Amino acid sequence: MSSAKQCDRCGKLYEITFLEALDYKENWWRFVLWKDMHPYGDIRLDLCNECKKSLAGWFEQGAKMGGEK
């Protein structure tokens, strides 16, 4: 079974199957973003695989720099 989504970052339409979501060789697939809409709760932001990889790279680069700007 698959699910059609639209990336909230780049706007790309994408489809993902259960097996594609579980790429255990990489950690980028674990990134999930939630937007706090207080006092109305939160919403989950959908990211395509390319944007998830970009986000993971951004976090990893910051970790290598020791968190400094």
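Along each chain, numbering runs from 1 in the same order as the chain's sequence is written. Local features in a predicted model are, by the rule used here, given only for residues with pLDDT of at least 70; side-chain atom pairs are given and counted only at 80 or more, and totals for whole chains, interfaces and linings are based on all residues. Hydrogens and water are ignored here; the side-chain numbers use all heavy atoms of the structure.

Colleague: Would you mind going over the pairing of strand 4 (residues 42–45) with me for this structure?
Modeller: Two faces make up the sheet, and in a regular strand the side chains alternate between them. Following DSSP output, two strands are said to pair if at least two bridges run between them. Secondary structure follows DSSP: runs of H or I at least 4 residues long count as helices, runs of E at least 2 residues long count as strands, and numbering of each begins at the N terminus. Pairing of strand 3 (residues 33–36) with strand 4, which is carried by four bridges, proceeds in the antiparallel orientation. Counted as the bridge partner of aspartate 36 is aspartate 42 from strand 4. Following strand 3, the chain reverses through five residues before pairing antiparallel with strand 4; glycine 41 in that reversal takes a positive phi of roughly 95°.

Colleague: Is there a simple way to think about the environment of lysine 5 in this case?
Modeller: Within the fold, lysine 5 resides in strand 1 (residues 2–6). Relative accessibility decides the category of a residue: with a 1.4 Å probe and only protein chains considered, values under 20% of the type maximum give buried, values over 50% give exposed, and everything between is partly exposed. The exposure class assigned to lysine 5 is partly exposed, which follows from its relative accessible area of 32%. Along the backbone, lysine 5 and aspartate 46 are 41 residues apart, and their C-alpha atoms lie at a distance of 7.1 Å. Two residues form a contact once any of their heavy atoms are found within 4.5 Å. Once you skip the residues sitting within four places of it in the chain, lysine 5 turns out to touch Lys12, Leu13, Tyr14 and Asp46.

Colleague: Explanation requested: the confidence of the model for the protein chain in the structure shown.
Modeller: Detailed reading of the predicted coordinates is not advisable wherever pLDDT is low. pLDDT is defined as a per-residue confidence score from the predictor, taking values between 0 and 100. For the protein chain, mean pLDDT is 81; residues scoring 70 or higher make up 77% of the total. Least confident of the elements in the protein chain is helix 1 (residues 18–21), whose mean pLDDT is 58; most confident is strand 4, at 92.

Colleague: I would appreciate a short explanation of the layout of surface pockets in the present structure.
Modeller: With a probe scaled to a water molecule rolled over the atoms, the places where space remains empty come into view. Put plainly, a pocket is an open set of points on a 1 Å grid over the protein atoms alone with protein on both sides within 12 Å along at least five of seven lines, a cavity is a set where a 1.4 Å probe fits but cannot get out, and a lining residue has an atom within 4 Å of a point. Grid points are joined across faces, edges and corners, and a volume is the space filled by probe spheres set on the points. If you add up the space inside the largest pocket, you get close to 220 Å³. Looking at the lining of the largest pocket, the elements that each hand over two or more residues are strand 1, strand 2 (13–17) and strand 4. By the convention adopted, Pro, Cys, Tyr, Trp, Phe, Met, Ile, Leu, Val and Ala count as nonpolar, Lys, Arg, Asp and Glu as charged, and the other residues, Gly among them, as polar. Split by residue class, the lining of the largest pocket holds eight nonpolar, one polar and five charged.

Colleague: Help me understand the packing of aromatic side chains, please; the structure alone is not making it clear to me.
Modeller: We call Phe, Tyr and Trp rings a pair once their centres come within 6.5 Å, taking the six-membered ring for Trp, and we label the pair stacked below 30 degrees between planes, edge-to-face above 60, and tilted otherwise. This structure, assessed with the given rule, holds one aromatic pair. Aromatic pair tryptophan 58 and phenylalanine 59: ring centres 5.2 Å apart, planes at 65°, arrangement edge-to-face. Classification of tryptophan 58 by relative accessible area gives exposed; the value is 61%. The exposure class of phenylalanine 59 is partly exposed, given its relative accessible area of 42%.

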